[in-house]
There are 2 protein chains.
Amino acid sequence: MTAISRKTIYPLLSKRVNLAPRTATCSYVRRKFSGEPTGPRVVSQIPGPESLNLLNQLDKIQNTDAVAFFADYDKSCGNYIVDADGNIMLDMLTQMASIPLGYNHPRLMETMRKPENWTPFVNRPSLGVSPPSDWTQLLKKDLLSVAPSGMRQVQTMSCGSCTIENGLKAMFIAHERRRRSGAPPTPEEMSSCMCNIPPGSADITILSFSGASHGWTLGAQSVSHANWTQKLDLKSMRWPVATFPSLRYPLEDHEKENRQEEQRSLSEVADKIERQMKDGRPVAGCCVEPVQSAGGDNHASPWFFQELQKICKQNGVALLMDEIQTGCGSTGKFWAHEHFSLPEPPDIVAFGKKMLTGGFYYRENMRPQEAFRIFNTWVGDPSKMVLLRAVLNTIREERLLNLVSSTGVHLLKGLREIELKYPAFIRNARGLGTLCSVDFPNNSERDKVIQGLRNRGVNTGPSGDRSLRLRPSLIFTKVHSDIFLEVLESTVKDIMA
Amino acid sequence: MTAISRKTIYPLLSKRVNLAPRTATCSYVRRKFSGEPTGPRVVSQIPGPESLNLLNQLDKIQNTDAVAFFADYDKSCGNYIVDADGNIMLDMLTQMASIPLGYNHPRLMETMRKPENWTPFVNRPSLGVSPPSDWTQLLKKDLLSVAPSGMRQVQTMSCGSCTIENGLKAMFIAHERRRRSGAPPTPEEMSSCMCNIPPGSADITILSFSGASHGWTLGAQSVSHANWTQKLDLKSMRWPVATFPSLRYPLEDHEKENRQEEQRSLSEVADKIERQMKDGRPVAGCCVEPVQSAGGDNHASPWFFQELQKICKQNGVALLMDEIQTGCGSTGKFWAHEHFSLPEPPDIVAFGKKMLTGGFYYRENMRPQEAFRIFNTWVGDPSKMVLLRAVLNTIREERLLNLVSSTGVHLLKGLREIELKYPAFIRNARGLGTLCSVDFPNNSERDKVIQGLRNRGVNTGPSGDRSLRLRPSLIFTKVHSDIFLEVLESTVKDIMA
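Now for the relation of the copies chain A and chain B. When chain A is fitted onto chain B, the two copies agree to an RMSD of 0.0 Å after a turn of 180° and an axial shift of 0.0 Å. Those values place the two copies in the arrangement expected of a two-fold rotation axis. A share of 100% of interface residues in chain A that are also interface residues in chain B marks the association as one of identical surfaces.

On to the pairing of strand S2 (residues 88-91) of chain B. Where a strand is regular, its side chains alternate between the two sheet faces. Residues and elements named next belong to chain B. The side-chain alternation of S2 yields two buried faces, one formed by Ile-88 and Leu-90 and the other by Met-89 and Asp-91. In this sheet, S2 lies alongside strand S1 (residues 80-82) in antiparallel orientation, the contact comprising 3 bridges. Residue pairing in the sheet places Val-82 in a bridge with Ile-88 of S2. Counting the residues in the hairpin turn of S1 and S2 gives 5 residues, including Gly-86, whose phi is positive at 90°.

Within helix H5 (residues 106-113) of chain A, the full set of buried residues consists of A:Leu108, A:Met109, A:Thr111 and A:Met112. Projection of H5(A) onto a plane perpendicular to its axis shows the buried side chains occupying an angular sector of 155°, all on one side.

Residues and elements named next belong to chain B. Packing of helix H11 (residues 255-278) against helix H12 (residues 302-314) leaves a shortest axis separation of 10 Å and a crossing angle of 15°. When the axes of H11 and H12 are compared, the pair comes out roughly parallel. Judged by the twist between their axes, the crossing of H11 over H12 is right-handed. Across the interface between the two elements, Arg-259, Glu-262, Gln-263, Ser-265, Leu-266, Val-269, Ala-270 and Ile-273 from H11 touch Trp-303, Phe-304, Glu-307, Leu-308 and Ile-311 from H12.

Once that is clear, we can look at the sheet that holds S2(B). Spatial ordering of the open sheet is given by S1-S2-S12 (chain B), a layout of 3 strands whose pairing is mixed. In this open sheet, the two strands that pair with only one neighbour each are S1 and strand S12 (458-459) of chain B.

This paragraph deals with helix H8 (residues 160-179) of chain B. All names here are of chain B. Taking 1.5 Å per residue as the helical rise, H8 with its 20 residues ought to reach 28 Å, and the 29 Å between its terminal C-alpha atoms agrees with that figure. With 18 of 20 residues buried, H8 is to be regarded as a mostly interior element. Immediately downstream of H8, the backbone of Ser-181 shows phi near 50°, a positive value.

Now for the sheet that holds strand S12 (residues 458-459) of chain A. Residues and elements named next belong to chain A. In space, the 3 strands of this open sheet follow the order S1-S2-S12, with mixed pairing throughout. Pairing within the sheet leaves two strands with one partner each, and these edge strands are strand S1 (80-82) and S12. Across the sheet, helix H16 (residues 478-496) is in contact with S1, strand S2 (88-91) and S12; its angle to S2 comes to roughly 105°.

According to the stated counting rule, one finds 31 aromatic pairs over all chains in the structure shown. With a centroid separation of 5.1 Å and 70° between ring planes, the pair formed by A:Phe375 and B:Trp216 is classed as edge-to-face. With A:Phe375 in the loop between strand S9 (358-362) and helix H13 (382-397) and B:Trp216 in the loop between strand S4 (205-209) and helix H10 (218-222), this residue pair bridges two chains. Pairing B:Phe304 with B:Phe305 gives two aromatic rings, centres 5.3 Å apart and planes at 85°, and the pair type is edge-to-face.

Residues and elements named next belong to chain A. Partitioning chain A into domains gives domain 1 (6-110 + 397-496) and domain 2 (125-380). Each of domain 1 and domain 2 has a C-alpha centre, and these two points are 30 Å apart. At the junction of the two partners, domain 1 supplies 26 residues and domain 2 supplies 24 residues. Of the roughly 2000 Å² buried at the junction of domain 1 and domain 2 (both faces included), carbon and sulfur atoms supply 57%. If you sort the residues of domain 1 by the area they bury against domain 2, Arg-430, Leu-432 and Leu-435 come out on top, with a joint share of 29%. Taken together, the connections running from domain 1 to domain 2 amount to 2 salt bridges. For Arg-416, the salt bridge goes to Glu-252, with nearest N and O atoms at 3.7 Å. When residues of the side of domain 1 that touches domain 2 are traced back to their parent elements, those giving at least two are helix H4 (94-97), helix H14 (400-421), strand S10 (427-432), strand S11 (435-439) and strand S14 (467-469). Looking at the side of domain 1 that touches domain 2, the element that brings in the most residues is S10, giving 5 residues. Looking at side-chain class alone, the side of domain 1 that touches domain 2 contains 12 nonpolar, 10 polar and 4 charged residues.

Criteria and thresholds
Residues numbered from 1 in each chain as written. Chains lettered and ligands numbered in written order. Predicted model: local features only at pLDDT ≥ 70, side-chain atom pairs only at ≥ 80, totals over all residues. Heavy atoms only, no water. Least-squares fit on C-alpha atoms with pLDDT ≥ 70 in both. Contact = heavy atoms within 4.5 Å. Buried < 20%, exposed > 50% of the residue type's maximum accessible area, 1.4 Å probe, protein only. Helix = DSSP H or I, 4+ residues; strand = E, 2+ residues; numbered from the N terminus. Pairing = 2+ DSSP bridges. Arc of directions from axis to C-beta. Axes fitted to C-alpha atoms, helices over the stretch in contact; angles between N-to-C directions. Parallel < 35°, antiparallel > 145°, perpendicular 65-115°, else oblique. Left-handed = near helix turned anticlockwise from the far one by under 90°. Expected span 1.5 Å × (residues − 1). Phe/Tyr/Trp six-rings, centres within 6.5 Å; stacked < 30°, edge-to-face > 60°. Domains from an automatic or database assignment. Buried area = accessible area lost by both parts, 1.4 Å probe. Salt bridge = Lys/Arg side-chain N within 4 Å of Asp/Glu carboxyl O. Nonpolar A, V, L, I, M, F, W, Y, C, P; charged D, E, K, R; others polar.

Right, here's the structure in full:
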């Protein structure tokens, strides 16, 4: 932890109040919650004494090594999270990018207030067996209203890892149905799968990318390659892994060399698919994130994704676009892959986090043909859909995608300005919307920056080895962005001093 | 679907009102919700016209082959579920055994009514990173207050499948830490795991049982062997599977031959563990359900589980007791494995369903030593804990475990009486508490019974090939039991006629 005295923090923070909104471009800025703090307020090191006390208690019950601080969610408001010690932080991590509208948003509180909304909270249904009468309407009016263009099928799930697991399952099932030319499974297939052996348990594979992070369960971690703590000691699937393009930023200044690097990655993809086919362990599906959001905020160009889809299509490989972290507006479009102008939708688009419910959209060819293929006790949670409705209506009414786009441009411009001033320390500013990142010289300097930012009242997180993960909510404005940029610059200055 | 005219149903149902409580043994019976129907009321075939209409609409969006009917959760009350057509069914399936206190329980509605409870619903935290200030207290006062004896560590998860996946992970991690004698991982282990290869991705295994059902994700389905629809076409782990004892019921009348069969199964377990060790793919853990609750309601004796634990301990194999379906009181004890008088707790006890939150208790040896080993975005949901508190308080205050025990005895006695009358058609009545089952001659007759019961206003489900799955809520009384028994007998009579 970087030692920063309260004295060095307070003069800085006192400036915050001067940063009142001046250039409002969105109705949200004018009508933001009355209770939102005007800036961070830091009263202790973070974690402070009360967080440390609570940490000590929790550590008796479970491993707490990942805990940054304890939060007071009652007091948190809008873009600001309040910790157990009363520190007020501008939250640009937002619970691993999973809070869409900031804390205690009035629309969500209003949703809780209405007794007619309580039924799904106290009677969680087994959606695959006895869904509520209004389930189809909830799916249509809410989830399908924001479906990626051309996608009309949707399956809810409880969390992100289950979403990916079931996305993988859907690709396997579709692959094997095609292998059988649509014929029903043979008795041998049905009996052999009960013992986990072929032909019923098919020896088919999923292609994933270095730096990917798709989840934490055994299947999902098998297609993840971002961090050893996520993978060590686990039984993993021996599936092909292609090297994700390692591009130079800004992308627009390095088009030619980046194209070569993307071509290299695509050739590797094609080679691996071919080799797997020859080895009799064909690739059923390919998982990719529009931006590798935990493995280093690695971007690739629209061309890369267009070509990847082409290769997949040519080889009968389904394409799963993992939008769990990038979806629900944080790139300025509702789905990040809309930036890629794909000629047709991916086969599966996975969502979670800001969507409040996990799940995935899928094309008709991915639809299971029998009962109980994509199934579990709950397969989702209608109470999350009740809250999602309020989120989606707010995004539409407040035109939050416009806000994210304009704030994102402002944020990225600010990051590039800082980068120009401290080129030895901070570089590769990049982003889509407010899903932004910058790199530091190494892991240790990056972690110092995160701790320094936190002790100055800005909460962020790491991505990959040396990148900063910026994941503000959808109500993050230029005003908040300016607060962050100023704190970032002073943190960088202090660390370099 | 068995054709039953409304005329044949109504005379039967009119008797229901005569079955008023006379032998109240529990405060719940005296103070049951005023709104609970006095008996089933069937106004259409099930699914009825409105359910079929809704099914048709939902089928445009996703596969609906597992849907039995659409439910009106606003109108459902206590032990009765109301469907979209207004049919009132005594619910003995309760959303795959996941509704603890029946529908719209006043204590749960009261919980929703309090504004001080709303924060966790609208601000779902990343519990591993910034838990709420009261998180330790919630874990202590609620989850740990019902922890299996001797267990003091707990990890929450979002759903049952994620719970099992992370239970498997905890066993793998503990196994490999022991292999390293507690030393930190080597650089080779850390780098190789990123490519899914040894030594970092260990080639270790989990032993499971035929007939087991632990979940639906790739790891969880690999240890499940109950139904081909759960497994076909998926890439599965080639892990050892032992044959679960196939016992004769009632257990107390067949002790000697059952003991032999259990010994056979235990020998197989020991043999497989030894063989795996010789093959260099050691068994890190063993998953078992106290009652195989989806694969045929298969029971084994306390002796079997005691010996299984002994074998596991002797071989350094962790024991995971999957109480997702059996826990939270439905066997008359809070955890079903309490019936087994194990000399020490299992290494992991998994919960879900009626507990509203997924998760697992674990012994200190299963605790991960590094950050981000057992992790995901949410790792649970405090809003479910708010509701769980009301559930646990109600179980205690209403002494519902006593109710489940006495109702269970009554229900099992009634099943055995019917069995004696129709020995060619219904047999093997068995159960712990109200977690009961009976067998029918085959799959098709069993399914006829389920449909027949449903069309007479009792909702149940299948378990395994030919068993009936009875999973009432914890507020199911002798009165409800009598209603069920009468409907069952008349259904059996009709099918046999």
